[in-house]
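Close look at the chain arrangement
Listed below are the residues making up each chain.
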Amino acid sequence: MTHTIELIQKYILEFHTVKLNENLTNKNINYYDLSNKKSHVIGNLQLTKSGKLIKYMYSGNKDKVLKHSLDENELLEITDTLIKTVYKKLDLTLSSILMTNYNYKVFYEEKETKYNLKLPETGIYMRLDLSGNLLELESKIDKYEVIYPDQIITVEEAKRVHLNSLNLDLKISKIKNQEHYQLYYRINEMVKHIPASGEEIGELISTKQKLKGLEPFETSSKNLFRVLGLDDSYQRVGKRNKRNCKIELWSKLAKKNVSPLNYDVNKSQLGVIKYKINKHTNQIVQINDGERLEQVYNQEITKKEAFNQALDFLFTIYPKADELFDILELDIDNQVDHDLKYEPNYLFYFNQIHDSIEIENQVAYVGVGKYTKMINKFCATTITEKELCHINVFATVSESEAKELYAQDFIMELAFKKKIQESGHIIYELIYQPVFSNEKLNANLIDAHTGILYES
């Protein structure tokens, strides 16, 4: 134990003393405080009763001028020395090293011997400044069991099982750092890994949304004010022009009773309904109702009534809404602030489509008051048909070709997966997992015209 503390002290930033913290007690752990010359605590240590280092944290002055910045090799000499000296009985291997503007973050993981594979979420994490002073250390040394199957399937068999699990759908999406939406095959369902034994399929990931087509709907009125629920008791109390939109504020209260006015449409203001309106199309793109529910209502409207009210509004805003949206089948009600007595909502979600193809991450929602039937929440999608007209919705690459291109871009590799059983017992199971080329960690989009794979 003394030897471990002396070793750690070599890599601590400033002069200090180490003292056992007798206020913290644990039958398995000893806690130590590090104090500077002024007796201020600048860090702490946690060691097992046998002297194994569990955790170290420096909390002193981290802004001292660095004497000399170490390169990666010099830094690893320090961390390797610490590992080999403090954790000499463990088979640890460097997993990764990350350099930031101020720190090095270094990860070591344990290895098992039969397949010489790393065991995820084991080992040691260290954070050091650029001069090699130790700022943080944490060991993840839990008891675990490694499970080996009696026999394992071949790499080819694992790849075949993985490919057979794929479920592809055409979607319109936009990759990070790209300007325009394009047509892709989205891998909606796939197995994250294949058990090396081949006995059962691995963990299933599904990104497919439940969408249902909209039917044409005849609106109750061409008067938008009537559809919104704005009668003669409401008056406009404020208006502000912005670059591409205008904000209108409406209320039953006099302007002096709701001042000062807040034109941030993302924030509710008590007694005020906020409308954000597109200047170019004159369409409402956002609604935020901050009115109190002043009177007592004995009965809620039904969800079907609320849905028809939402459609009445949606088709008033978008006369061809059935060609622009699918219903996204979610059942999420708005949060209710009981103190302010805001009216609770039925919330309905609509996913934008283009030529009947889903546009990813373009969801509009409409909130209908459960008592008043007021349209008190709304947020439109942000992409316009003009931005989509360049898309060729007829895929050049077939679905089977997309799967073949996908198959060419990855190999299956053995690895261990951590599982925690209900009893808390940790086991590691041998699996196959797909490893992609070009540093794609999890390719799940295939360009429907070029066949290029992307990670969304």
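Residues numbered from 1 in each chain as written. Predicted model: local features only at pLDDT ≥ 70, side-chain atom pairs only at ≥ 80, totals over all residues. Heavy atoms only, no water.

**Side note on the overall build of the protein**
In terms of helices and strands, the protein carries eight helices and 26 strands. Buried residues in the protein amount to 44% of all 456 residues. A total accessible area of about 26,300 Å² is found for the protein, and carbon and sulfur atoms account for 46% of it. Once the 60 positive and 65 negative side-chain charges of the protein are each reduced to a mean point, those two points are 8 Å apart. (Helix = DSSP H or I, 4+ residues; strand = E, 2+ residues; numbered from the N terminus. Buried < 20%, exposed > 50% of the residue type's maximum accessible area, 1.4 Å probe, protein only. Areas by Shrake-Rupley, 256 points an atom, 1.4 Å probe, with all protein chains shown as cover. Lys, Arg positive; Asp, Glu negative; His and termini not counted. Charge placed at Lys NZ, Arg CZ, Asp CG, Glu CD.)

**A look at the packing of helix α3 (residues 155-164) against helix α8 (residues 399-408)**
It is at 11 Å that the axes of α3 and α8 come closest, and there the two elements cross at 140°. As α3 packs across α8, the resulting crossing turns out to be right-handed. Here α3 contributes Lys159, His162 and Leu163 to the contact with α8, which in turn contributes Lys403, Tyr406 and Ala407. Its residues assigned to classes, the contact of α3 with α8 comprises three nonpolar, one polar and two charged. (Axes fitted to C-alpha atoms, helices over the stretch in contact; angles between N-to-C directions. Left-handed = near helix turned anticlockwise from the far one by under 90°. Contact = heavy atoms within 4.5 Å. Nonpolar A, V, L, I, M, F, W, Y, C, P; charged D, E, K, R; others polar.)

**Things to note about the nonpolar core**
If you look at the biggest cluster of nonpolar residues, it comprises 38 residues, and the most contacted ones within it are Ile172, Tyr406 and Ile446. Put simply, the parts of the chain that give this core at least two residues each are α3, β10 (167-173), β11 (182-191), β21 (357-369), α8, β23 (410-420) and β24 (426-436). Setting aside residues no more than four positions away along its own chain, Tyr406 makes contact with His162, Leu163, Leu166, Ile187, Met190, Phe436, Ala443, Ile446 and Leu453. In this structure, Leu214, Ala306, Ala310 and Leu324 belong to the second largest nonpolar core, which totals 34 residues. (Core = buried A, V, L, I, M, F, W, Y, C linked by side-chain atoms within 4.5 Å.)

**Observations concerning the pattern of salt bridges**
In this structure the tally under the stated criterion is six salt bridges. Between Glu136 and Arg127 there is a salt bridge, with the nearest N and O atoms lying 3.0 Å from each other. Like Arg127, Glu136 is buried. (Salt bridge = Lys/Arg side-chain N within 4 Å of Asp/Glu carboxyl O.)

**As for the side chain of Glu358**
Its location among the elements puts Glu358 in strand β21. For Glu358, the side chain forms a polar contact with the side chain of Lys171, separated by 3.5 Å. In terms of polar contacts, Glu358 uses its side chain to reach the side chain of Gln209, at 2.9 Å. When sequence neighbours within four positions are dropped, the list of residues in contact with Glu358 reads Lys171, Ile172, Gln209, Leu211, Asn351, Gln352 and Ile353. (Polar contact = N/O pair within 3.5 Å; in protein donor to acceptor, adjacent residues only side chain to side chain.)

**A word on the sheet that holds strand β1 (residues 17-20)**
The pairing of strands in a sheet happens through backbone hydrogen bonds and is either parallel or antiparallel. Ordered by their spatial adjacency, eight strands build an open sheet running β1-β2-β3-β4-β8-β7-β6-β5, and the pairing between neighbours is antiparallel. The open sheet has two edge strands with one neighbour each: β1 and β5 (92-99). Mean inter-strand twist for the sheet, computed between neighbouring axes without regard to direction, equals 20°. Its contacts with the sheet put helix α2 (residues 72-86) on β4 (53-58), β5, β6 (103-111), β7 (118-129) and β8 (134-140), and the angle it makes with β6 is roughly 45°. (Pairing = 2+ DSSP bridges.)

**Concerning the confidence of the model for the protein**
Any residue range with low pLDDT should be treated as having predicted coordinates unsuitable for detailed reading. Predicted confidence across the protein gives a mean pLDDT of 88, with 94% of residues reaching 70 or more. Taken together, the stretch residues 334-339 has pLDDT below 50 and engages in seven contacts with residues farther than four places along the chain or on a different chain. (pLDDT = per-residue confidence, 0-100.)

**Points about a negative patch on the surface**
On the surface, a cluster of negative charge is made up of Asp71, Glu72, Glu74 and Glu77. Turning to its location among the elements, Asp71 is positioned in the loop between β4 and α2. (Patch = residues over 30% accessible without salt bridge, like charges linked within 9 Å, V, L, I, M, F, W, Y side chains within 5 Å.)

**Section: helix α6 (residues 303-317)**
The α-helix winds at 3.6 residues per turn, so residues separated by three or four positions along the chain end up facing the same way. Along its 15 residues, α6 runs 21 Å from first to last C-alpha, staying within 8% of the 21 Å computed at 1.5 Å per residue. Within the span of α6, buried status applies to Ala306, Gln309, Ala310, Leu311, Asp312, Phe313, Leu314, Phe315 and Ile317. (Expected span 1.5 Å × (residues − 1).)

**Details of the pairing of strand β3 (residues 41-48)**
With six of eight residues buried, β3 lies mostly within the body of the structure. In the sheet, strand β2 (residues 29-35) pairs with β3 via seven bridges, with the strands oriented antiparallel. From the neighbouring strand, Leu34 faces β3, where its bridge partner is Gly43. The loop that links β2 with its antiparallel partner β3 comprises five residues; one of these, Ser39, has a positive phi angle of about 65°. Relative to β4, β3 is paired through five bridges, and the arrangement is antiparallel. The residue of β4 that forms the bridge with Leu45 is Tyr56.

**Some words on the side chain of Gln362**
Here Gln362 is to be found in strand β21. When residues no more than four places from it in sequence are discounted, the contact partners of Gln362 are Tyr181, Phe350, Asn351, Gln352, Thr381, Thr382 and Ile383.

**Let's talk about the packing of aromatic side chains**
Each aromatic ring pair is described using two quantities: the centre-to-centre distance and the angle formed by the ring planes. Scanning the entire structure with this criterion turns up 16 aromatic pairs. Centroid distance Tyr184 to Tyr454: 6.0 Å. Interplanar angle 85°. Geometry classified as edge-to-face. Placement of Tyr184 in strand β11 and of Tyr454 in strand β26 (residues 453-454) is noted, with a sequence separation of 270 residues between them. What makes Tyr184 buried here is its relative accessible area of 1%. Among the aromatic residues, those joined into a ring-pair cluster are Phe307, Tyr346, Phe348 and Phe350. Of note, Lys114 hangs over the ring of Tyr148, and the distance from its end group to the ring centre comes to 5.0 Å. Between the NZ or CZ atom of Lys159 and the centre of the ring of Phe410, over which it lies, the distance is 4.8 Å. (Phe/Tyr/Trp six-rings, centres within 6.5 Å; stacked < 30°, edge-to-face > 60°. Lys NZ or Arg CZ within 6 Å of the ring centre and 35° of its normal.)

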